[in-house]
Amino acid sequence: SPSLGSDPADSARYEAELRELAEGLAVSWLPAQRDVLALIQSADVAVVPSLWPEPLSRSVMEPLACGVPVVATNVGGNPEILTDWLAPYLVEPNDVSGLAERVGSLYGWRQRQGDLGERCRRDAEARLSLDAEVDAIEAAIVASIDSAVRADHRSARRRRTNSPTDATSCG
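Structure report, in brief. It should be emphasised that the depicted structure is a prediction, and the values quoted were computed from it without experimental measurement.

Scoring rules and cut-offs
- Residues numbered from 1 in each chain as written.
- Predicted model: local features only at pLDDT ≥ 70, side-chain atom pairs only at ≥ 80, totals over all residues.
- Heavy atoms only, no water.
- Helix = DSSP H or I, 4+ residues; strand = E, 2+ residues; numbered from the N terminus.
- Expected span 1.5 Å × (residues − 1).
- Polar contact = N/O pair within 3.5 Å; in protein donor to acceptor, adjacent residues only side chain to side chain.
- Buried < 20%, exposed > 50% of the residue type's maximum accessible area, 1.4 Å probe, protein only.
- Pairing = 2+ DSSP bridges.
- Contact = heavy atoms within 4.5 Å.
- Axes fitted to C-alpha atoms, helices over the stretch in contact; angles between N-to-C directions.

## So, helix H1 (residues 8-21)
Moving on, step 1. Along its 14 residues, H1 runs 20 Å from first to last C-alpha, staying within 8% of the 20 Å computed at 1.5 Å per residue.
Moving on, step 2. A distance of 2.9 Å separates the backbone nitrogen of Ala 9 from a side-chain oxygen at the start of H1, and that oxygen is part of Asp 7.

Next up, the structure:
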């Protein structure tokens, strides 16, 4: 169900606008749901036309993990998720024709590229799993500590040379 912010009046206006835009189209309106796994798995393509630069887009990660290809705008965290072979599925914000072309290119992908869903799932599993996230965080922490220790050693070496008999300390 469409919603827009916390004001129910804004949501009602937004829903009315969407229903008017969808007039005559085959659109199914579903109530808000907590468990969307079955809905995601039944989709052929997930489309995430974000304008707001959301830093971590579950709307991109979840379909990939379910084996559903994603077309998304090149904002926020989306380009960090859709990398390498998935990068062509990014389009610029407000590029309606680019978005339509990219979604259209996935029409019938199950017949033409039967392994695409599995590739999406494997990519999400390899890069977006809890284990991969923990490994990346640990590597960043180790690199940060290593850098700080090296900087401290350089600083300590400079401090040790500043003695009262050091030629540079005599003015």
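That covers the picture; the talk isn't over yet.
## Looking at unusual backbone geometry
Moving on, step 1. Unlike most non-glycine residues, Asp 84 shows phi in positive territory, near 50 degrees.
Moving on, step 2. With respect to the helices and strands, Asp 84 occurs in the loop between helix H4 (78-81) and strand S3 (90-91).
Moving on, step 3. The phi torsion at Asn 94 lies on the positive side, around 70 degrees, for a residue other than glycine.
Moving on, step 4. According to the relative accessible area criterion, Asn 94 is exposed, its value standing at 64%.

## Some thoughts on the sheet that holds S3
Moving on, step 1. Taken together, the 3 strands give an open sheet; going across it, the order is S1-S2-S3, and neighbouring strands pair in parallel fashion. A strand with exactly one partner marks an edge of an open sheet, and here the two such strands are strand S1 (46-48) and S3.
Moving on, step 2. By the bridge criterion, 2 bridges tie strand S2 (residues 70-73) to S3 in an arrangement that is parallel. The partner of Ala 72 across the bridge, within S3, is Leu 90.
Moving on, step 3. Strand contacts of helix H3 (residues 58-65): S1 and S2, with the helix running at about 165 degrees to S2, the strand carrying the most contacts.

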